[in-house]
Amino acid sequence: MTKEELRAELERQANRFKNIYGGEVITYAAQPDPERKPWRKKPSILDQAFQQELERIEKERSEQNTSNSEFDA
């Protein structure tokens, strides 16, 4: 069955449905393809260790700043 034959058959069925059964034929636009998410690198063990070290250093600095501000008062 070619595309033209298929289109003709679908048109015939839609007309029959409308005329005989009094139904309404609704056609929908094709759904767009989902957007592709950008590829993201999974963090390696070294990346995770580096991030933990940065967090530890930031925590130490914030603790140092709070202890220094207590003496300033």
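Described below are features of the structure shown in this document. (Residues numbered from 1 in each chain as written. Predicted model: local features only at pLDDT ≥ 70, side-chain atom pairs only at ≥ 80, totals over all residues. Heavy atoms only, no water.)

A separate point is the overall build of the protein chain. A count of helical and extended segments in the protein chain gives two helices and zero strands. Relative to the 2.2 N^0.38 estimate, which gives 11 Å for 73 residues, the radius of gyration of the protein chain is 33 Å and therefore markedly larger than a compact globule would have. Principal-axis analysis of the C-alpha atoms gives the protein chain an extent of 90 × 35 × 15 Å. Residue burial in the protein chain is summarised as follows: out of 73 residues, 1% are buried. Accessible surface, the protein chain: about 8,000 Å² in total, of which carbon and sulfur atoms supply 53%. Charge-centre separation for the protein chain: the mean point of 13 positive side chains lies 9 Å from the mean point of 15 negative side chains. (Helix = DSSP H or I, 4+ residues; strand = E, 2+ residues; numbered from the N terminus. Rg over C-alpha atoms; globule rule 2.2 N^0.38 Å. Buried < 20%, exposed > 50% of the residue type's maximum accessible area, 1.4 Å probe, protein only. Areas by Shrake-Rupley, 256 points an atom, 1.4 Å probe, with all protein chains shown as cover. Lys, Arg positive; Asp, Glu negative; His and termini not counted. Charge placed at Lys NZ, Arg CZ, Asp CG, Glu CD.)

So, on to the pattern of salt bridges. This model, assessed by the stated rule, comprises five salt bridges. A salt bridge links Arg 7 to Glu 4; the nearest nitrogen and oxygen atoms lie 2.9 Å apart. Within this pair, Arg 7 and its partner Glu 4 are both found in helix 1 (residues 3-21), separated by three residues, close to a single helical turn. Residue Arg 7 shares its accessibility class with Glu 4, and that shared class is exposed. Among the ionic pairs, Arg 56 bridges to Glu 60, the shortest N-O distance being 2.5 Å. (Salt bridge = Lys/Arg side-chain N within 4 Å of Asp/Glu carboxyl O.)

It is worth spelling out helix 1 at this point. Taking 1.5 Å per residue as the helical rise, helix 1 with its 19 residues ought to reach 27 Å, and the 26 Å between its terminal C-alpha atoms agrees with that figure. Looking one or two residues beyond helix 1, the residue adopting positive phi is Gly 22, at roughly 70°. (Expected span 1.5 Å × (residues − 1).)

What follows concerns a nonpolar patch on the surface. Nonpolar side chains collect at one region of the surface, where Phe 17, Ile 20, Tyr 21 and Val 25 lie side by side and expose about 410 Å² of accessible area between them. Mapped onto the elements, Phe 17 comes out in helix 1. (Patch = residues over 30% accessible without salt bridge, like charges linked within 9 Å, V, L, I, M, F, W, Y side chains within 5 Å.)

By themselves, these are just geometric observations and shouldn't be taken as functional.
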